[in-house]
Amino acid sequence: SKGTFYLTGWVPAAAVPEIEKTLARFPNLSCVADTADDVRHAKPPTKLKNPWWSRPFEFFVEMYGLPAYGETDVTGFVAITFTVLFGMMFGDVGQGIVLALFSTFMWKVKHNDLFHLMIPCGISSTIFGLVYGSLFGYEEALDPLYHALGMAGKPVSVMDSITGILMVAVYIGIVLVLAAMALNMYTHARHREWGEFIFSPNGLVGMVTYLCGVDLASAYMGAVTFMPQVLAVVGMVVGLVLLLFAELLAPMVEGKPWKPAGGMGNYLMQSVFELLETVLSYLSNTISFLRVGAFVIVHASMMMVVFTLAGTPNNIVVVILGNLVVICLEALLSAIQGIRLEFYEMFSRCYKGGGRKFVAFDLKKAKA
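Note that residues are indexed from 1 along each chain, following the sequence as it is written. Restriction of local features to residues with pLDDT of at least 70 applies here, the model being predicted, together with a cutoff of 80 or more for giving and counting side-chain atom pairs; totals for whole chains, interfaces and linings are based on all residues. Think of the side-chain values as coming from all heavy atoms in the structure, minus any hydrogens and water.

Engineer: Teacher, can you tell me more about the overall build of the chain here?
Structural biologist: Scanning the chain for helices and strands turns up 15 helices and 0 strands. In this setup the radius of gyration rests on C-alpha atoms only. A globule is expected at 2.2 Å times the number of residues raised to 0.38. Here the C-alpha radius of gyration of the chain, 26 Å, is well above what a compact globule of 368 residues would show, namely 21 Å. Dimensions along the principal axes, computed over C-alpha positions, put the chain at roughly 90 × 65 × 35 Å. Counting across all 368 residues of the chain, residues that qualify as buried make up 40%. We call two residues in contact whenever any of their non-hydrogen atoms come within 4.5 Å of each other. For the chain, restricting intrachain contacts to residue pairs at least 6 apart in sequence, the fraction spanning at least 24 positions comes to 70%. In this description a helix means any DSSP run of H or I spanning at least four residues, a strand means any run of E spanning at least two, and both kinds are numbered starting from the N terminus. Buried means the residue's accessible area, taken with a 1.4 Å probe over protein chains only, is under 20% of the maximum for its type, while exposed means over 50%, and partly exposed covers the values in between.

Engineer: How should I be thinking about the packing of aromatic side chains in this particular structure?
Structural biologist: Pairing of aromatic side chains requires ring centres within 6.5 Å, counting the rings of Phe and Tyr and the six-membered ring of Trp. Pairs whose planes differ by under 30 degrees are stacked, by over 60 edge-to-face, and all others tilted. Overall, the coordinates contain 16 aromatic pairs when judged by the stated rule. Ring geometry for phenylalanine 102 and phenylalanine 115: centres 6.3 Å apart, planes at 80 degrees, overall edge-to-face. Of the two residues, phenylalanine 102 sits in helix α4 (residues 93–110) while phenylalanine 115 sits in helix α5 (residues 113–132), which places them 13 residues apart along the sequence. When the centroid spacing of 5.5 Å and the interplanar angle of 80 degrees are considered together, the rings of tryptophan 194 and phenylalanine 197 count as edge-to-face. Of this pair, tryptophan 194 and phenylalanine 197 both sit in helix α8 (residues 194–199), 3 residues apart, roughly one helical turn. Three or more aromatic residues link up through ring pairs in this structure, and these residues are Phe57, Phe59, Phe60, Phe82, Phe86 and Phe90.

Engineer: Help me out: how do you make sense of the nonpolar core in this one?
Structural biologist: Nonpolar side chains in soluble globular proteins tend to end up buried together. By nonpolar core we mean a set of buried residues, namely Ala, Val, Leu, Ile, Met, Phe, Trp, Tyr and Cys, connected to one another through side-chain atoms within 4.5 Å. In terms of nonpolar packing, the biggest core is built from 58 residues, with Phe82 and Phe86 touching the most fellow members. Ranked by residues supplied to this core, first place goes to helix α7 (residues 162–190) with 11 residues. Once residues within four sequence positions are removed from consideration, phenylalanine 82 is found in contact with Phe57, Phe60, Leu117, Cys121, Ala335, Gly338, Ile339 and Glu342. Residues Met302, Ala310, Val319 and Val326 belong to the second largest nonpolar core, which totals 7 residues.

Engineer: Mind showing me how you'd approach the environment of tyrosine 132 here?
Structural biologist: Relative to the elements of secondary structure, tyrosine 132 occurs in helix α5. For the pair formed by tyrosine 132 and valine 296, sequence separation is 164 residues and the distance between their alpha carbons is 9.5 Å.

Engineer: Please clarify how the pattern of salt bridges should be interpreted in this entry.
Structural biologist: Should the charged atoms of two oppositely charged side chains come close, the side chains can pair. In what follows, salt bridge is the name for a side-chain nitrogen of Lys or Arg lying within 4 Å of a carboxyl oxygen of Asp or Glu. For the coordinates displayed, the defined rule picks out 3 salt bridges. Salt-bridge contacts for glutamate 139 lead to lysine 154; the nearest nitrogen and oxygen are separated by 2.9 Å. Within this pair, whereas glutamate 139 is found in the loop between α5 and α6 (143–148), its partner lysine 154 is found in the loop between α6 and α7, the two being separated by 15 residues in sequence. According to the relative accessible area criterion, glutamate 139 is partly exposed, its value standing at 24%.

Engineer: Mind showing me how you'd approach helix α11 (residues 246–253) here?
Structural biologist: Count 3.6 residues to each turn of an α-helix, and residues three or four apart come out pointing the same way. Inspection of α11 places Ala246, Leu248, Ala250 and Pro251 among the buried residues, and these make up the whole buried set. Looking at the buried positions of α11, the neighbouring elements they touch are α8, α10 (229–244) and α12 (264–287). Of the residues trailing α11, glycine 255 is marked for its positive phi of about 75 degrees.

Engineer: Can you walk me through helix α13 (residues 290–310) in this structure?
Structural biologist: Expected span of a helix: the number of residues minus one, times 1.5 Å. If you check α13, its first and last C-alpha atoms are 31 Å apart, about what 21 residues at 1.5 Å a residue would give, namely 30 Å. Against α3 (75–89), α4, α5, α7 and α14 (316–350) lie the buried residues of α13. Downstream of α13 by a residue or two, glycine 311 has a phi angle that is positive, lying close to 75 degrees.

This is how it looks when you write it as structure tokens:
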């Protein structure tokens, strides 16, 4: 307006003192800094801030959608879980080292985040390869190492432990589903959304119901249980009833009574189907982790095929080419399965995304 102008924008909170100090040198300028919570008409952008070890995995989080301002950043959770799941599916000492070295080289050359995050995945594969006793597919090559450590043999023989590996994969799934629920509860607690914290399918009631269901399923299969069966049945029934009326109970906790728009009959019919969907999601998300155990077995089976083709004595050219094919194929498949488990089995329980990235204004680029 004539000789006056104003400029608004978002800045990182840590940069406010520096900006205020810079603008203070100009007597005709005034600077007003509001917190994000004070601004009601605009949604703040998101600037991720993660330690060095998890920063490469921001690539996956951004692929799904940045966290909205105030939402829990799941990058650290993804970094740990994806690395472990990938290593478990792609366990081989030699192939893991090759993957880590190749990814390091490509990251130095291309500076691509995908290659950067594959470095810890290659290291994880190497560690799990020590557990499986596999070195470029040779299952007995590491036996002298185990004997030197006073062990009878490798900790896990994949082809002799198929049932155990699949069971471990399911238990890993249970732990990760519970961890996703805990993250969801943490987010609601931060925002003081106590109704959702308690009555959400991924809240406290959902967690208790899921645990009771897991215990009953374990008892049915003759596996380990962690509570009396009567208590598990009562807990599951009570939990399902509370989930059925969750949309009525959650607002009441926050002092906001809610009345069904279409009447109680319509509400009950809709809630029954939603409850059925919730129960099926508990089951399907847990069973989905069987794919982790399945790919452990697939990896070992593919190497058996390679050595069958190599003949006796082994044709070293066939062994090398076979290892290269398995590294490329299995790395791709393990990464895809890991991303799927992150996005569908875990993110769906604790993460919404929908944020927009903070991009700093660059005066030099603007002039260009």
